[in-house]
Amino acid sequence: MAHESMEEHSGLAYLGRLSRWQTMLQQLTSDDPTYKDIVDQKLIAAAEALNRGIDERTVQVLGRYTDFEMAEIRSAAEEFRVDDAEFDREAGTHTLLQYDDGDDDDFPTGRPPLRPV
């Protein structure tokens with residue numbers, strides 16, 4: 001993830017992924033072993049595109065989603081936003097715990113590091 005650029009997480013990038021997943025689905029039948037995984041990946045790309053500002057109608061047309069399916073995608077997008085906010089809060093807390101007060105404490109977190117088993 002450290003090597004990924006910001007463009008890889010842009011709305012247009014997720015729209016491109018949505019388009020590729022849609023193209024792949026058109027080449028498969030529903031009994032194909034990879035079909036469900038591709039449907040799931042397509043839903044994720046659609047939800048992430050919405051979360052990054054892509055117009056809902058654009059996502060719906062490109063993904064060939066029904067109104068009912070778009071409701072599911074909006075729900076997934078909201079769930080992703082909640083998860084991202086929770087992750088950001090936890091990351092902020094972790095950053096506070098890693099604060100170096102300049103004290104040369106052997107165990108800055110208050111306990112020794114875990115050893116590999």
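Residues numbered from 1 in each chain as written. Predicted model: local features only at pLDDT ≥ 70, side-chain atom pairs only at ≥ 80, totals over all residues. Heavy atoms only, no water.

(A) Expanded view of helix α3 (residues 56-63). When α3 is considered as a whole, its buried residues turn out to be Val59, Gln60 and Gly63. The buried side chains of α3 occupy one side of the element, clustering within an arc of 100° when seen end-on. The N-terminus of α3 is capped by Asp55, whose side-chain oxygen sits 3.1 Å from the backbone nitrogen of Arg57. Of the residues flanking the end of α3, it is Arg64, one or two places downstream, whose phi is positive at about 55°. (Buried < 20%, exposed > 50% of the residue type's maximum accessible area, 1.4 Å probe, protein only. Helix = DSSP H or I, 4+ residues; strand = E, 2+ residues; numbered from the N terminus. Arc of directions from axis to C-beta. Polar contact = N/O pair within 3.5 Å; in protein donor to acceptor, adjacent residues only side chain to side chain.)

(B) Main features of the packing of helix α1 (residues 11-26) against α3. Where α1 contacts α3, the axes come no closer than 9 Å and their chain directions differ by 20°. Accordingly, the angle class assigned to the pair α1 and α3 is roughly parallel. Judged by the sense of rotation from one axis to the other, the crossing of α1 with α3 is right-handed. Residues Leu15, Leu18, Ser19 and Gln22 of α1 form the contact with α3, whose own contacting residues are Thr58, Val59, Leu62 and Gly63. Across the contact of α1 with α3, the residue classes tally to four nonpolar, four polar and no charged. (Axes fitted to C-alpha atoms, helices over the stretch in contact; angles between N-to-C directions. Parallel < 35°, antiparallel > 145°, perpendicular 65-115°, else oblique. Left-handed = near helix turned anticlockwise from the far one by under 90°. Contact = heavy atoms within 4.5 Å. Nonpolar A, V, L, I, M, F, W, Y, C, P; charged D, E, K, R; others polar.)

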